[in-house]
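Coordinate inspection notes
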Amino acid sequence: MYSKALKKDSYGYLFIAPFFIIFIIFGLYPIIYSFYLSFTKWDGFGNPIFNGLTNYQRLLGDYLFYKSLFNTLFIWGISVIPQLTVSLLLAVILHEKFIKGKSIFRAVFFFPNIVTAASLGLLIGLMFSWQSGSFNNLLLNLGLINEPINWPNMPNFMRMLVSSVLFWQYFGYSMIIYIAGLQGMSRELTEAAEIDGATKVQVFFKITLPLLKPIILFQVVTSIIGGMQIFDQPYTLTNGTGNPDNATLTSVMYLYKTAFTRYQYGYGSAIAFGIFLVIVIFSIISFMLMKQKTNNENE
Amino acid sequence: MQQNVAPQTVPVQAAALSKKSVKLSHILIYAFLIILAIICVVPFYIMIIYGTHTNSEIASKFIIAPGSALVENYKSMNENVNIWRGFLNSLFISSCSTALTLYFGALNAYGFAKYKFKGNKVLFWLVLATMMVPHQLGLVGTFRIMYMLHLLDSYAALILPAAANAFAVFFVKQFIDGTIPDEIIESARVDGAGEFTIFNRIIFPMLMPALAALGIFSFIGSWNNFMGPLVLLFTNDKYPLPLLVQMLQGYYGTNYGVQYLGVALSVLPIIIVFAIFSKRIIGSVSIGAVKG
């Protein structure tokens, strides 16, 4: 019997083989090849020419790379804080029994999340354009301004506009995840506290929030990994330029433009690994903060 | 004794107070929800309304009512951009990708869940670890291998990699661990069924609840994928919707009506599908979140 079971167990390899074959070809090999390319100069024609650490030296002194990192962190930071707080507030509100039309509100808040990011970027770009933008026309019709404001030429405004699009797309998603977390918690604790005279605000800060902590931290970490990869929205919002003055050029946009519009595949690969290193560092920091916080609570 | 009295009086006061303030706080909460809902909806409303106006109308004032230039805009869009072709391309790419993700994800998950082969745990951790690696890391290398395999500018370049979706494996394995008892497999073996027959005929149909939720994620992700086709496709006829929408910018830089219409046509299918399946879609996200 034992030997028969063992024989069957080796069938497992056949079941997992297709996945691993595809993964090695389309997942692992491209990463290793990119790593190799990051030590070469290659314009897409002929063979890559090995040039040692030249690309990484260039990366360390590349003002535009640092600027793209700054842009990415700026855009991510401005969107993620309201995203994670407003969604938490909404989740708690929509978890309350007295609210009517919960499922409609949930659906409306979540909807932007499944809409194509590229379409949304273009749409918001059209609305905030200078001469024909609907936003300028709204302000003009309301008499708030006398002539159209050139929004696409204002670096910080455009960064925050990208942040707003990201917030708009992701707060509903965060809310759904918080609601799933709240539904997993028993109502007994909060109801007992309310019977003992705790206010809603006290219940929220003393009971709900600590219980939701793992979900909050999960959302923070995943948003770091996702946030460092922002591409679609700023790309279509600025017609692929990252303007004005490269203020909305995110790191991944810089990677894309370097490799696929300037055909510097070697340097583009070095940028990819530079971004990856930054993601790893941020992930480690957030993991450590997570650990520290839980340790403090245990003491 | 006084300390015992206090907690009893507080709730009474709180109740009395809250009855007065209940209405105000409820009004504030509803106002907050409604304002946020309006913010969510307005851009989509503008998109649909503006698609029906001429460029000069759009340039001159803020518009809230539909116009009469829908056909005109549609005709001039059709001169350069065939949005329905893009729709079919998107549908084809997303359907095939989703089918691969589901079948091979389930196959792999089943292999990990039900066969105790050597290296099972290590390999499963490896699969999980790949979820943490950002796709852009291998972007240039992906371009290179697609070139080597002569897959550049083909649908296969976008579809084949979907067979190795780590999240799918994780998601389905959780489901198998929780719902598929070993006895089912044992009894099928006693009846003489082969290992792959057992999976295809018995196990795969049992995984449908998980696969339905996963399929929704996978389809949406593939439908909205922008960077993949941007790097791997070059022929306009093969472009999926997100790329066609981006192309509108190049062709109609100053014709706003056409661009709004193009965006609207790319988003309308999503609105329709969401209107019908919103509960299912949101449900899938919740399941994914709890499992993840």
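Residues numbered from 1 in each chain as written. Chains lettered and ligands numbered in written order. Predicted model: local features only at pLDDT ≥ 70, side-chain atom pairs only at ≥ 80, totals over all residues.

With that settled, the discussion passes to the overall build of chain A. Secondary structure assignment for chain A yields 13 helices and two strands. On C-alpha atoms alone, chain A measures out to a radius of gyration of 24 Å, which is more than a quarter above the 19 Å that the 2.2 N^0.38 rule sets for 299 residues. In terms of principal-axis extent, the alpha carbons of chain A reach across some 85 × 75 × 40 Å. Summarising the internal contacts of chain A: among those between residues at least 6 apart in sequence, 68% fall at separations of at least 24. (Helix = DSSP H or I, 4+ residues; strand = E, 2+ residues; numbered from the N terminus. Rg over C-alpha atoms; globule rule 2.2 N^0.38 Å. Contact = placed C-beta atoms within 7 Å.)

Okay, the overall build of chain B next. Helix and strand counts for chain B stand at 14 helices and zero strands. The order of helices and strands in chain B, counted from the N terminus, is α-α-α-α-α-α-α-α-α-α-α-α-α-α. Taking 19 Å as the expected radius of gyration for a compact globule of 292 residues, we find that chain B reaches 26 Å, considerably beyond that expectation. Reported as C-alpha extents along the three principal axes, the dimensions of chain B are approximately 85 × 75 × 35 Å. Split into buried and exposed, the 292 residues of chain B put 39% on the buried side. In chain B, once contacts between residues fewer than 6 apart in sequence are set aside, the share between residues at least 24 apart is 75%. (Buried ≥ 20, exposed ≤ 12 C-beta atoms within 10 Å, placed from the backbone.)

Let's shift gears to the nonpolar core. I176(A), L255(A), M47(B), V172(B) and L214(B) are the most contacted members of the largest nonpolar core, which has 145 residues in total. Top contributing element to this core by residue count: helix α8 (residues 155–184) of chain A, with 16 residues. Taken domain by domain, the makeup of this core includes at least three residues from each of domain 1 (2–67) and domain 2 (81–251) of chain B. In this structure V172(B) touches G105(B), A106(B), A109(B), L207(B), A210(B) and L214(B), once residues within four positions along its chain are discounted. (Core = buried A, V, L, I, M, F, W, Y, C linked by C-beta atoms within 7 Å. Domains from an automatic or database assignment.)

Taken residue by residue, the interface counts 72 residues in chain B and 71 residues in chain A. Residue composition of the side of chain B that touches chain A, by class: 53 nonpolar, 15 polar and four charged. (Nonpolar A, V, L, I, M, F, W, Y, C, P; charged D, E, K, R; others polar.)

Let us look at unusual backbone geometry. The residue after N243(A), namely P244(A), is reached through a cis peptide bond having omega -5°. Phi is positive for D153(B), close to 60°, though the residue is something other than glycine. Accessibility expressed as a C-beta count within 10 Å gives 14 for D153(B), which makes it partly exposed.

By the secondary structure assignment, I149(A) is in the loop between α7 (134–141) and α8. Residues I149(A) and W130(A), 19 residues apart in the sequence, show an inter-C-alpha distance of 6.2 Å.

This part covers the packing of helix α6 (residues 117–127) of chain A against α8(A). All names here are of chain A. Remark: α6 packs on α8, axes separated minimally by 11 Å, with the N-to-C direction vectors making an angle of 135°. Compared by their axis directions, α6 and α8 come out oblique. Crossing handedness for the pair α6 and α8: right-handed. Each of A117, L120, G121 and I124 in α6 lies in contact with α8, whose residues at this interface are L161, V165 and Q169. Each residue belonging to the contact of α6 with α8 can be placed in one class, and the counts come to five nonpolar, two polar and no charged. (Axes fitted to C-alpha atoms, helices over the stretch in contact; angles between N-to-C directions. Parallel < 35°, antiparallel > 145°, perpendicular 65-115°, else oblique. Left-handed = near helix turned anticlockwise from the far one by under 90°.)

Turning our eyes to something else, we now look at the domain arrangement of chain B. With domains assigned, chain B is organised as domain 1 (2–67) and domain 2 (81–251). A straight line from the C-alpha centre of domain 1 of chain B to that of domain 2 of chain B covers 40 Å.

The subject of this paragraph is the confidence of the model for chain B. Residues and elements named next belong to chain B. Here chain B averages 87 in pLDDT, while 91% of its residues score no lower than 70. Here helix α1 (residues 2–50) stands out as the least confident element of chain B, with mean pLDDT 73; helix α7 (residues 155–159) is the most confident, with 96. A low-confidence stretch, residues 1–12 (pLDDT under 50), is modelled with four contacts involving residues beyond four sequence positions or located in other chains. (pLDDT = per-residue confidence, 0-100.)

Residues and elements named next belong to chain A. When the terminal C-alpha atoms of helix α10 (residues 200–227) are compared, their 33 Å separation across 28 residues is substantially less than the 40 Å that a helix rising 1.5 Å per residue should span. The set of residues buried in α10 consists of T208, L212, I215, Q219 and G227. The elements touched by buried residues of α10 are α4 (63–95), α8 and α9 (187–195). (Expected span 1.5 Å × (residues − 1).)

Turning next to the environment of V258(B). All names here are of chain B. Checked against the element boundaries, V258 lands in helix α14 (residues 256–291). Judged by C-beta crowding, with 26 C-beta atoms within 10 Å, V258 ranks as buried. For the pair V258 and N78, spaced 180 residues apart in the sequence, the C-alpha separation amounts to 9.7 Å. Among residues more than four places away in sequence, those in contact with V258 are N73, S76, M77, L248 and Y252.

It is worth spelling out the packing of α4(A) against α8(A) at this point. Angle between the axes and distance between the axes are the two parameters that describe a pair of packed helices. Residues and elements named next belong to chain A. Contact pair α4 / α8: the axes reach a minimum separation of 6 Å and the direction vectors enclose 35°. Between α4 and α8 the crossing geometry is right-handed. Class assignment of the residues belonging to the contact of α4 with α8 gives a composition of 20 nonpolar, seven polar and one charged.

Residue and element names in this part refer to chain B. As for its placement among the helices and strands, L88 is situated in helix α4 (residues 83–114). Note on L88: 12 C-beta atoms within 10 Å, which makes it exposed. Sequence spacing of L88 and T142 is 54 residues, and the spatial spacing of their C-alpha atoms is 25 Å.

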